Amino acid sequence: MDEQVHEQADGRSADERLRRLARAHGVADRYKDWRERETPVAKETLVAVLAALGVDASTSGAVRDELARLEEERRRLLLPPVVACRRVPGADRIHVPAGTEVSVELADGTTLTPPPASPAAEGALAYTLPPDTPLGWHRVRAHRGAQEQDAALLVAPDRLRTPERVWGFTAQLYSVRSRASWGMGDLHDLAQLAAWSGRELDAGFILVNPLHATEPAPPISPSPYSPMSRRFAGPLYLRVEDVPEYRELPADDRENIAALAAPLRLDGPLIDRDAVWTAKRRALEILYRACRTPARRRAYETYLEREGAALTAFATWCALAEEHGNDWRRWPSALQDAGGTAVAREAERLAPRVDFHAWLQWQLDEQLTAAQRAATDAGMPIGIMHDLAVGVTHSSADAWVYRDVFAEGMSVGAPPDEFNQRGQDWGQPPWHPRRLARAEYAPYRDMLAACLRRGGGLRIDHAMQVSRLWWVPAGASPAEGTYVGYDRNALLSCLTWEAARTDTVIVGEDLGTVEPQVREDLAERGVLGTSLLWFERGRNGRPQPPGRWRELSLATVGTHDMPPIIGFLHGDHVALRDRLGLLTRPAADEAADHRRLLAGWLELLHAEGLLADPPDVLLRALARGAHDRDEKVAAALHALLARTPARLIGVSLADAVGERRTQNQPGTSDEYPNWRVPLADAGGRPVRLDDLPADPRVAAAAAPVRAATRTRA
């Protein structure tokens, strides 16, 4: 009996050591699910995640060795790879072990000796930065006896400026086709949408889907949230005729380009990115070969110099992908090393194609800049708000170029929640926390700088990425993952520093399961949150009255992962998920919950005086499949947004025209045409960008938010 008790105790202690090792590396050994239930993480998950971090937890002895190694590392460490500070009390300190002296070398070469803070914690010491320390990147040096270490020092802004209260359309740009676009919305369409809504409807911004780089050759992934690079943009969005050299083309070349565009301008039922890019690439190759003026050649050289090695690496990946396929993991082994000699030789051989892909990025830079200029010229205080995806695919250019700072054998996703009850696996490798920090966050910073140059705002999809990500081991279900933490202070400081340099508004999508303090930290830094109407409920589960919503947020009715208003009213998402086998309980139970949720919102709209019809009348009409009250309910929901204190109010363009279909159904790939649905009305009739100014539904959707936010002359 004693032996059995001893074995059980030893097993418990071994399990506790494993969990202690996991926590020490920022790996959660338990978490709260969306119902606020404490959920333990399986041992197998912890071992797999630790292995991806380079930590051996395969045996009890290995765990003991790793704990000892970690303790020794902590004893010797004077500074982390990056020290992030702000010029506010408490956040202006550099923390080091007791007995350590510190000096700071500023970016201009000046050396500072910060004074010790008082009092110091036992066994530790803190130095206070002078209040006039310049913002930006510097170096900090620490000395303790014979030990000397240095690290990057980032002095970030206290907080970003709070934007004025404005409204704007949210749009999936590819779906917003005009009669001149090539089968999908492009950057010329974006400029037109911004100019019209800014001048005629007093809109202050346009929020679009991520415009990140896609595959350089078909097949093209339809999801804007699974890009090949977050630093570079997608040539799919170029308007061919806006390339300056187009105007000087010979007549036969222009005719060839017109012939390529013509079939794409027909109203197809779905967006075909492969067909669009096949035609556009041929047209752009004609333009690439066209003669450039001396001024244009100088402009291109300036762009190449500014973008440097990162652009060369990306363009090299594109050229190699055209020959070997879009997944670098299937290339010859010698080409899987982005910095290897084999890649250098191939880049030289493929120099014309490498330059072509670099030239495409130059065209994108120009057209993105033109879209933002059109927005600000129309009076928009923010202009184009871009969207930053959570990550890139395993096969991507970024994963190839920055292979050393990604964790292998893991994918980013999300645990089960109310709307995705099986959890999500997004098929994207996560940053390796320690390796990214040792790189002084350079890949992250460079990506942010590139994105922020292109507009006046940036939405951070899944804003929790600055603090933790849900890692799913290869071969496991999304529910079998766990959270891995990142240095939130460092990542937020990188974000706010880059945003302050460009005076850009930042919105964090902080929906779903959010760890304590994240929303507070974002707000403290001036990063706006996201208030989604269907999710705005109090502790009692009832809809939140508009006066209780957050001020520092972007308020919208829905999101791209849910059906538009009309589809939601009629429970399309329940029927769709049931048909696709995505529900974890009977459809009748799901539908009953949906009716209860909807009833609560209809009651609130009625109580606010925004809907004349009582909720029971509306619910009976919806149960019959009647549509005569749909637009009234949609208008009331937008009017409710206008009554919130939210700084930014977003109106979905899909809602404005009466679209019913969702753009994306999480948990599916080919089962539903995700990200391929062109803009249409409730009857499925195509709606073109050209039609919007004369569409009374659009003006009606904009009216309440326009009245609530109109401050410009």
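In the block above lies the structure referred to throughout.
Criteria and thresholds
- Residues numbered from 1 in each chain as written.
- Predicted model: local features only at pLDDT ≥ 70, side-chain atom pairs only at ≥ 80, totals over all residues.
- Heavy atoms only, no water.
- 1 Å grid on protein atoms, 1.4 Å probe; cavity = no way out; pocket = protein on both sides within 12 Å on 5 of 7 lines; lining within 4 Å.
- Points joined across faces, edges and corners; volume = space filled by probe spheres on them.
- Helix = DSSP H or I, 4+ residues; strand = E, 2+ residues; numbered from the N terminus.
- Buried < 20%, exposed > 50% of the residue type's maximum accessible area, 1.4 Å probe, protein only.
- Arc of directions from axis to C-beta.
- Pairing = 2+ DSSP bridges.
- Axes fitted to C-alpha atoms, helices over the stretch in contact; angles between N-to-C directions.
- Contact = heavy atoms within 4.5 Å.
- Nonpolar A, V, L, I, M, F, W, Y, C, P; charged D, E, K, R; others polar.
- Parallel < 35°, antiparallel > 145°, perpendicular 65-115°, else oblique.

**What about the layout of surface pockets?**
Inference 1: Looking at the second largest pocket, its volume works out to about 800 Å³.
Inference 2: Lining the second largest pocket are 26 residues; nearest its centre among them are His25, Glu73, Pro81, Arg434 and Arg438.
Inference 3: Counting only elements with at least two residues in the lining of the second largest pocket, the list comes to helix 3 (60-76) and helix 11 (433-438).

**Description of helix 2 (residues 43-52)**
Inference 1: Among the residues of helix 2, Thr45, Leu46, Val49, Leu50 and Ala52 are the ones counted as buried. The buried residues of helix 2 occupy an angular sector of 155 degrees when projected down its axis, which confines them to one face.
Inference 2: The first or second residue beyond helix 2 is Gly54, which carries a positive phi of 85 degrees.

**Let's talk about the sheet that holds strand 19 (residues 482-485)**
Inference 1: In space, the four strands of this open sheet follow the order 16-15-18-19, with antiparallel pairing throughout. The sheet is open, and its two borders are formed by strand 16 (424-428) and strand 19, each paired with just one other strand. Along the sheet, successive strands turn relative to each other by an average axial angle of 50 degrees, direction set aside.
Inference 2: Sheet strands touched by helix 2: strand 15 (410-414), strand 18 (468-473) and strand 19. Its angle to strand 18, the strand with the most contacts, is close to 110 degrees.

**Some details on the sheet that holds strand 5 (residues 101-105)**
Inference 1: Taken together, the five strands give an open sheet; going across it, the order is 3-9-8-5-6, and neighbouring strands pair in mixed fashion. Edge positions in the sheet fall to strand 3 (82-86) and strand 6 (111-112), since each of these pairs with one other strand and no more.
Inference 2: Alignment of strand 5 against strand 8 (residues 136-144), held across five bridges, turns out to be antiparallel. Note on strand 8: the bridge partner recorded for Ser103 is Arg141.
Inference 3: Helix-sheet contacts for helix 13 (residues 488-502) involve strand 3, strand 8 and strand 9 (147-156), and the interaxial angle to strand 9 is about 45 degrees.

**With respect to empty space enclosed by the protein**
Inference 1: Applying the stated criterion to the full structure yields ten cavities of 30 Å³ or more.
Inference 2: Every residue lining the largest cavity is counted, 37 residues in all, and those nearest its centre are Thr170, Gln172, Thr559, His560 and Ser652.
Inference 3: By residue class, the composition of the lining of the largest cavity is 18 nonpolar, 13 polar and six charged.
Inference 4: In this structure, the second largest cavity occupies an estimated 120 Å³ of space.

**Focus: the packing of helix 4 (residues 187-201) against helix 9 (residues 351-377)**
Inference 1: For the pair helix 4 and helix 9, interaxial distance at closest approach is 7 Å and the crossing angle is 10 degrees. Taken together, the axes of helix 4 and helix 9 are roughly parallel relative to one another. Judged by residue contacts, Leu187, Leu190, Ala191, Ala194, Ala195 and Arg199 of helix 4 engage Leu364, Gln367, Leu368, Ala371, Ala374, Ala375 and Asp377 from helix 9.
Inference 2: Split by residue class, the contact of helix 4 with helix 9 holds ten nonpolar, one polar and two charged.

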